[in-house]
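Structure at a glance
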Amino acid sequence: MAKSFMFIKILHFFNNHKSNFINTFQLSETIPLINFSSTNIDLKIMFPYTESLRSKNMGTVLITGGAGFIGSHLSDRFLKEGWDVIVLDNLLTGSSNNISHLIGKEKFKFIKYDVTDYLFFKENIDLILHFACPASPFDYAQHPIHTMKVDSLGTLNTLGLAKNKKARYLFASTSEIYGSPEQHPQKEDYWGNVNPVGPRSVYDEAKRFSEAMCMAYFREHNIDIRIARIFNTYGTRMRLLDGRVIPTFIHQALKNQSITIFGDGSQTRSFCFVDDMVEGLYNFATKDGLNGEVVNLGNTEEHSIKFLAEEIIKLTDSSSDIINHDLPEDDPPVRQPDILKANRLLGYSPEISLSDGLKKIIPWFKERKDG
Ligand code: NAD
Ligand code: UDP
């Protein structure tokens, strides 16, 4: 008797104050069943900030860093699939050239803005992809503080926006969170081995902080977050001189300059062609039921940097020689993703070999080698 009286009183209270609750708690469209057997009512549990019942496989996607290398390829893919795309980028390491073909399209909008500043959007946003961040070791050594800000303040701002808009959220994490790995290949449940104060730490630790922040928003606010740990990816639209190994070696080979191997070249990387990466990212972002998942994405084909140099010399028919420079501090000796989880959840299976991928992009770099 007392319980049903209490039920009616609470129902009246909600009906009379519904609009206030919508503002305060951002009521989800579907109100979950309320268990009144307890008088300790937790409003956060009753009215979670977001609910994931609404499918997010079409609508408006916000891509931070969308004028960068991967972000611009993602923009192409989402537009092709019929999404409205908003790119937010301050052009620190990206370029408007990467998205110039999209400017003027009805479903595309570009905002030149720093994601570490306060974000406000009038329009609905269904999906946020946080890709803004210098990604080349050369770039993040040039911008160490900015790198830490974009993957702390920028992550906080975009997660806050996701909460406000009830949007799904995908974070562009990295294989660098595994640091100098003691486990090979690297699985998602490996916690990593990162030097917290070395020159690469600004990137590695900011990414690790962002992952923790994503999980906090997932646990506390029930935001539908996904963390993609991206392994070395290459393709067109990388800056010719961004310092990463593939554009650097191709550029040097096309100009018949010495190829600069750091260390003895025995360190390994597993390189993923950008189309294979975009396929994995698109599916991970749009498939329902993957809330809170952490997934490695990359190609498992592992090669030494020496092999890469020789392959690029061969494919460009170059007369370049190879010279050795000092190995940068904390340069990981090996890296290869374990992608069993991505395969199980997404059917992910990269198709393009390193040799085929290089053949696809060399003409693009050739056209720009004197630019
Ligand atoms: P990129 O440098 O080409 O793209 C990053 C973009 O972010 C650039 O367009 C840059 O202008 C923008 N940006 C930087 N700071 C910003 C800020 N404060 N506000 C708004 N925009 C800002 O790099 P990428 O290779 O395309 O990497 C994209 C994302 O993927 C990054 O988060 C990176 O850490 C991650 N990732 C990339 C790789 C890879 O191999 N390419 C591997 C692991 C992770
Ligand atoms: N590297 C190299 N010469 C270069 C640039 C890079 O030998 O001119 C090496 C670098 O030391 C690393 C690997 O290539 O071992 C990959 O470097 P990159 O900057 O592309 O990415 P990382 O995987 O280190 O983040």
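These notes cover the structure that comes with them. (Residues numbered from 1 in each chain as written. Chains lettered and ligands numbered in written order. Predicted model: local features only at pLDDT ≥ 70, side-chain atom pairs only at ≥ 80, totals over all residues.)

**Quick look at the site of ligand 2**
Around ligand 2 sit 15 residues in total, of which Arg244, Val245, Thr248, Phe262 and Gln267 are the nearest. Secondary structure elements with two or more residues in the shell around ligand 2: helix H9 (245–254) and strand E8 (259–262). No other element matches the 3 residues that E8 contributes to the shell around ligand 2. Looking at side-chain class alone, the shell around ligand 2 contains 6 nonpolar, 6 polar and 3 charged residues. (Near = placed C-beta within 6 Å. Helix = DSSP H or I, 4+ residues; strand = E, 2+ residues; numbered from the N terminus. Nonpolar A, V, L, I, M, F, W, Y, C, P; charged D, E, K, R; others polar.)

**A closer look at the environment of Phe69**
Assignment of secondary structure puts Phe69 in helix H4 (residues 69–80). Accessibility expressed as a C-beta count within 10 Å gives 26 for Phe69, which makes it buried. Separated by 164 residues in sequence, Phe69 and Thr233 have C-alpha atoms that sit 9.5 Å apart. Leave out the neighbours within four places in its chain, and Phe69 touches Gly235, Arg237 and Met238. (Buried ≥ 20, exposed ≤ 12 C-beta atoms within 10 Å, placed from the backbone. Contact = placed C-beta atoms within 7 Å.)

**Topic: the nonpolar core**
Of all hydrophobic cores here, the largest spans 75 residues; its most connected members are Ile128, Leu129, Tyr169, Ala228, Phe249 and Leu297. Setting aside chain neighbours within four positions, we find Leu297 in contact with Ala228, Arg229, Ile230, Phe231, Met277, Gly280, Leu281, Ala342 and Tyr348. (Core = buried A, V, L, I, M, F, W, Y, C linked by C-beta atoms within 7 Å.)

**Regarding helix H13 (residues 354–368)**
With 15 residues, H13 should cover 21 Å at 1.5 Å per step; its first-to-last C-alpha distance of 21 Å lies within 8% of that length. The sharpest bend along H13 comes to roughly 30 degrees, located at Ile361, with the proline Pro363 sitting one to four residues further on. Among all positions in H13, only Leu354, Gly357 and Leu358 are buried. Considering only its buried residues, H13 is in contact with strand E7 (233–234), strand E10 (272–273), strand E12 (302–304) and helix H11 (305–316). (Expected span 1.5 Å × (residues − 1). Bend = angle between axes of the 7 residues up to and from the residue.)

**A short note on the sheet that holds strand E5 (residues 168–174)**
The 7 strands lie next to each other as E3-E2-E1-E4-E5-E6-E11, forming an open sheet whose pairing is parallel. The two strands at the open ends of the sheet, each matched to only one other strand, are strand E3 (108–112) and strand E11 (293–297). Going across the sheet, the axis of each strand differs from the next one's by a mean of 20 degrees, ignoring polarity. With respect to the sheet, helix H7 (residues 153–165) is in contact with strand E1 (60–64), strand E4 (127–130) and E5, its orientation differing from that of E4 by roughly 175 degrees. (Pairing = 2+ DSSP bridges. Axes fitted to C-alpha atoms, helices over the stretch in contact; angles between N-to-C directions.)

**Re unusual backbone geometry**
Following His184, the chain continues to Pro185 via a peptide bond in cis, the omega torsion being -5 degrees. With respect to the helices, strands and loops of the structure, Pro185 is situated in the loop between E5 and helix H8 (201–221). In the Ramachandran plot, Lys166 falls in the positive-phi region, its phi being about 55 degrees despite a non-glycine side chain. By the secondary structure assignment, Lys166 is in the loop between H7 and E5. A count of 21 C-beta atoms within 10 Å places Lys166 in the buried class. You will see that Asn222, though not glycine, has its phi angle at about 60 degrees, which is positive. With respect to the helices, strands and loops of the structure, Asn222 is situated in the loop between H8 and strand E6 (225–230).

**A look at H4**
Helix length check: H4 (12 residues) gives 17 Å between terminal C-alpha atoms against 16 Å at 1.5 Å per residue, within 8%. Looking at H4, one finds that the buried residues are Phe69, Ile70, Gly71, Ser72, His73, Leu74, Ser75 and Phe78. Looking at the buried side of H4, the elements it contacts are E1, strand E2 (84–89), E4, E7 and helix H10 (274–286). Of the residues trailing H4, Gly82 is marked for its positive phi of about 100 degrees.

**As for the site of ligand 1**
In the vicinity of ligand 1 there are 29 residues, among which Gly65, Gly68, Gly94, Ala132 and Ala135 approach most closely. If you list the elements that add at least two residues to the shell around ligand 1, you get H4, E2 and E5. By residue number, the principal contributor to the shell around ligand 1 is H4, which donates 3 residues. Of the residues assigned to the shell around ligand 1, the class counts are 15 nonpolar, 12 polar and 2 charged.

**Quick word on the environment of Lys122**
Relative to the helices and strands, Lys122 is located in the loop between E3 and E4. Judged by local crowding, Lys122 falls into the exposed class, with 4 C-beta atoms found within 10 Å. Sequence separation between Lys122 and Lys165 is 43 residues; the distance between their C-alpha atoms is 9.8 Å.

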